[in-house]
Amino acid sequence: MVSTPAIIHHPPRSGPRPLHVGRDMRGVLELLDMVFGSSLDAEGRRYLADGSTLGGAAPSLLGSLSRPAGSLPPGFVWEESGRIVGNVSLLRTGAGGRYVVANVAVHPGFRRRGMARRLMQETIQAVRAHRGQVIALQVEEANEGAIRLYRSLGFVAVGSMTTWEHSGSRLRGEPVAAPPEWPFIRELRAHEWRAAYFLDRASLHPDLRWPEPLTEGFYRRTLWRRLDDFLNGRQTETWVTADERTAGAPLVGLATIDSEWSRPHQIHIRVSPAWRGFLESHLLAKALRRLRYLSERAIRLDHPADDAGMNRLLTEARFTARKTLAVMRLDLVRSA
């Protein structure tokens, strides 16, 4: 008599599990394309197409972040019968103990089953177990359901940022009028990098500069940094104005233009709280005038959504508001 081993049929896997980059990449990318594809800009679509990042709410930013180290997974997926139908991608920032949830995606056919909540709970538990201190995320300001979910998990709103875009094609043919009472605006001097850092920190909540909080050396243009920018097709210019009535002439406003090959020019406007409502028009005009002499391409600016004066200026300058994202954070030390 010959005995044969019993055949054990394992049921298809169902539920959340840690994300495995190599094995799950194709399924995650297909899910992200389904959930976010229609709302992504051209740059976001390019990143999804070549599979160079895990994508999400802002895939063009994620390539600069490192994945969680050690045993902390780079996120979680929900698998149903071998198919990935849910995903939360987790990324570590350069700020110690601070992590970013890059996207929360659930297949349309599997929503309202608690998958997003469970995936977020798994993510929070994993970060807490590895002594993480903060988890930050972005969410469409109009997505009330997602905001309610994050609030129920302990996240609090920090603020909202609106992304403004300009085609750049009409910039050369249209004069950019200088506002009256034009203040003296000049290039940032090499020794003023720390003053620019403190001005930036005072004018914008650290979490609103996405995805990384500002580092102290951001405005420091060392020789090696300039060489690296040159070799990689990057260029950064910072223009500032100072309060000449005060001893030491502290910086009170700055405009930065970040340019990189094949990507939109990025403008940052920062104004000291005491000077808000006066300097923005001058700094924006200076940046636009300068851009007329740079390569013609699209222009992008991310700015706090509640700045009504700046919103008016950008609208008058023919920028278009593309999206507004709320930034939320969970402080794990307090919630432990």
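Structure's up top.
Described in the following lines is the structure provided in the data block.

Thresholds applied
Residues numbered from 1 in each chain as written. Predicted model: local features only at pLDDT ≥ 70, side-chain atom pairs only at ≥ 80, totals over all residues. Heavy atoms only, no water. 1 Å grid on protein atoms, 1.4 Å probe; cavity = no way out; pocket = protein on both sides within 12 Å on 5 of 7 lines; lining within 4 Å. Points joined across faces, edges and corners; volume = space filled by probe spheres on them. Nonpolar A, V, L, I, M, F, W, Y, C, P; charged D, E, K, R; others polar. Axes fitted to C-alpha atoms, helices over the stretch in contact; angles between N-to-C directions. Helix = DSSP H or I, 4+ residues; strand = E, 2+ residues; numbered from the N terminus. Left-handed = near helix turned anticlockwise from the far one by under 90°. Contact = heavy atoms within 4.5 Å. Pairing = 2+ DSSP bridges. Buried < 20%, exposed > 50% of the residue type's maximum accessible area, 1.4 Å probe, protein only. Right-handed = clockwise from strand over helix to strand, strands pointing away.

Some points on empty space enclosed by the protein
Item 1. Here the structure, examined in full by the defined rule, presents three cavities of 30 Å³ or more.
Item 2. In this structure, the second largest cavity spans a volume of roughly 40 Å³.
Item 3. Asp200, Arg201, Leu204, His205, Pro206, Arg209 and Leu214 together form the lining of the second largest cavity.
Item 4. Here the residues of the lining of the second largest cavity sort into three nonpolar, one polar and three charged.

Digging into the packing of helix α8 (residues 280-291) against helix α9 (residues 308-316)
Item 1. At a closest axis distance of 10 Å, the pairing of α8 and α9 adopts a crossing angle of 35 degrees. In terms of crossing hand, the pair formed by α8 and α9 is right-handed. Contacts between α8 and α9 pair Glu280, Ser281 and Leu284 from the former with Met310, Leu313 and Leu314 from the latter.
Item 2. Classifying every residue of the contact of α8 with α9 by side-chain character gives four nonpolar, one polar and one charged.

What to know about the sheet that holds strand β6 (residues 156-166)
Backbone hydrogen bonds are what pair the strands of a sheet, in a parallel or an antiparallel way.
Item 1. As summarised here, the arrangement of the twelve strands in space is β1-β2-β3-β4-β5-β12-β6-β11-β10-β9-β8-β7, forming an open sheet in which the pairing is mixed. A strand with exactly one partner marks an edge of an open sheet, and here the two such strands are β1 (14-18) and β7 (186-187).
Item 2. Contacts between helix α5 (residues 144-152) and the sheet are confined to β4 (98-106), β5 (134-140) and β12 (320-331), with β5 contributing the most and set at about 165 degrees to the helix.
Item 3. Contacting β9 (251-260) and β10 (265-271), helix α6 (residues 193-203) runs over the sheet at an angle of about 95 degrees to β9.

Concerning the environment of Pro273
Item 1. Mapping Pro273 onto the fold places it in the loop between β10 and α8.
Item 2. Classification of Pro273 by relative accessible area gives partly exposed; the value is 44%.
Item 3. Spatially, the C-alpha atom of Pro273 lies 7.5 Å from that of Ala202, the residues being 71 residues apart in sequence.

Brief notes about the pairing of β10
Item 1. Across the seven residues of β10, seven count as buried, placing the element largely inside the fold.
Item 2. With burial as the criterion, each face of β10 is covered, one bearing His265, Ile267, Ile269 and Val271 and the other bearing Gln266, His268 and Arg270.
Item 3. One ladder, built from six bridges, connects β9 with β10; its direction is antiparallel. By the bridge assignment, Thr256 is partnered in β10 with His268.
Item 4. Adjacent in sequence and paired antiparallel, β9 and β10 are bridged by four residues, among which Ser262 carries a positive phi angle near 70 degrees.
Item 5. Inspection of the sheet shows β10 paired to strand β11 (residues 299-304) by three bridges, in the parallel sense. The residue of β11 that forms the bridge with His265 is Ile299.
Item 6. For the crossover from β10 across α8 to β11, the handedness is right-handed.

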